[in-house]
Amino acid sequence: MPKGRPNTMNNYGVLLNELGMDEGFLTPLREQFLRPITALLYPELGGSCLDSHRAFVVKYSLHEDLDLSSHYDNAEVTLNVSLGKDFTEGNLYFEDFYKDPSPVPKYLEVEHVGAQGLLHRGGQIHGALPIGSGERWNLIVWMRSSLIRNQLCPMCNSKPQLVEAEGFGDGFTGTLEEDMPETVDVCALW
Ligand SMILES: O=C(O)CCC(=O)C(=O)O
Ligand SMILES: [Fe+2]
């Protein structure tokens, strides 16, 4: 069975599409349950037309990854749900936005509470502080809007150079301006 790393920074965890969880769980979660919320909270990030995702669980423990350094996600909007187990410390923290001129509080720490999730902008710099003990697992769903990212890659800040990919890939569609994706219509009708 394929076993990719959840992302380029977390070493321990599982990509949920490899477990076949997209169709029955993650796509309905994004489309039916999260979209009404993200449409209201993140209109400027394509919150009403988040049309793909990369979902994974990340694992932290004393002998594996302890923490996660500051980064922004390859996502317009991210869902982060604490799955437990028992752990101490390991708070999530937020810093400035990547490429956002508006002033925001310099540093905000959020304690993970089991079975609770939070939504944040993918472009907001964040990281995870070291756990003190135990094992921490989180469900992370990086949600993408092709409408937004087809215009500018959020990671390199340039016009995307598309290559073929399996499944949702990195969430880009079509061939940019000449061939706008069908999701444009969905968004316009929302
Ligand atoms: O472990 C966490 O709570 C954060 C994980 C994260 O930021 C990520 O995987 O992009
Ligand atoms: Fe992240």
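Worth saying up front: this structure is predicted, and the values here are computed from it rather than measured.

Analysis parameters
Every residue gets a number counted from 1 within its own chain, in the order that chain's sequence is written. Here chains are named by letter from A upward and ligands by number from 1 upward, in the order in which they appear as written. In keeping with the model being predicted, local features are shown solely for residues with a pLDDT of at least 70 and side-chain atom pairs are shown and tallied solely at 80 or more, while totals for entire chains, interfaces and linings include all residues. As a rule here, side-chain values come from all non-hydrogen atoms in the structure, and water together with hydrogens is ignored. Under the DSSP-based scheme used, a helix requires at least four consecutive residues in state H or I and a strand at least two consecutive residues in state E, with every element numbered from the N terminus. For every residue, the accessible area (1.4 Å probe, protein chains only) is compared with the maximum for its type, and the residue is labelled buried under 20%, exposed over 50%, or partly exposed between those bounds. Working rule for helices: expected span equals 1.5 Å times residues minus one. Note on bend: at a given residue it equals the angle between the axes fitted to the 7 residues ending there and to the 7 starting there. We call two residues in contact when some of their heavy atoms are within 4.5 Å. Classification of ring pairs rests on two measures: the distance between centres of Phe, Tyr or Trp rings, Trp counted by its six-membered ring, which must be within 6.5 Å, and the angle between planes, read as stacked under 30 degrees, edge-to-face over 60 and tilted in between.

J.: I'm lost on the side chain of Thr 38 in this one. Help?
T.: Examined against the element boundaries, Thr 38 turns out to sit in helix H1 (residues 22–41). The exposure class assigned to Thr 38 is buried, which follows from its relative accessible area of 0%.

J.: It is not clear to me how H1 should be interpreted in this structure. Could you clarify?
T.: Here H1 contains 20 residues, and its C-alpha end-to-end distance of 24 Å is more than 12% below the 28 Å for a straight helix at 1.5 Å per residue. Along its length, H1 shows its largest kink, about 65°, at Leu 34, and proline Pro 36 lies within four residues downstream of that point. If you check which residues of H1 are buried, you get Asp 22, Leu 26, Thr 27, Pro 28, Leu 29, Arg 30, Leu 34, Arg 35, Thr 38 and Ala 39. Tucked inside the fold, the buried residues of H1 contact strand E2 (52–61), strand E4 (77–82), strand E8 (117–121) and strand E10 (131–144).

J.: Which parts of the structure should I look at to understand the packing of aromatic side chains?
T.: Under the definition given, this model contains 2 aromatic pairs. Where Phe 56 meets Trp 142, the ring centres are 5.1 Å apart and the plane angle is 85°; that geometry is what we call edge-to-face. Separated by 86 residues along the polypeptide, Phe 56 in strand E2 and Trp 142 in strand E10 bring together distant segments of the chain. With respect to burial, Phe 56 and Trp 142 carry one shared label: buried. Centroid distance Tyr 93 to Tyr 107: 5.5 Å. Interplanar angle 15°. Geometry classified as stacked. Of this pair, Tyr 93 sits in strand E6 (residues 92–97) while Tyr 107 is found in the loop between E6 and strand E7 (108–110), placing the two residues 14 residues apart along the sequence. Overall, the relative accessible area of 8% leaves Tyr 93 in the buried class.

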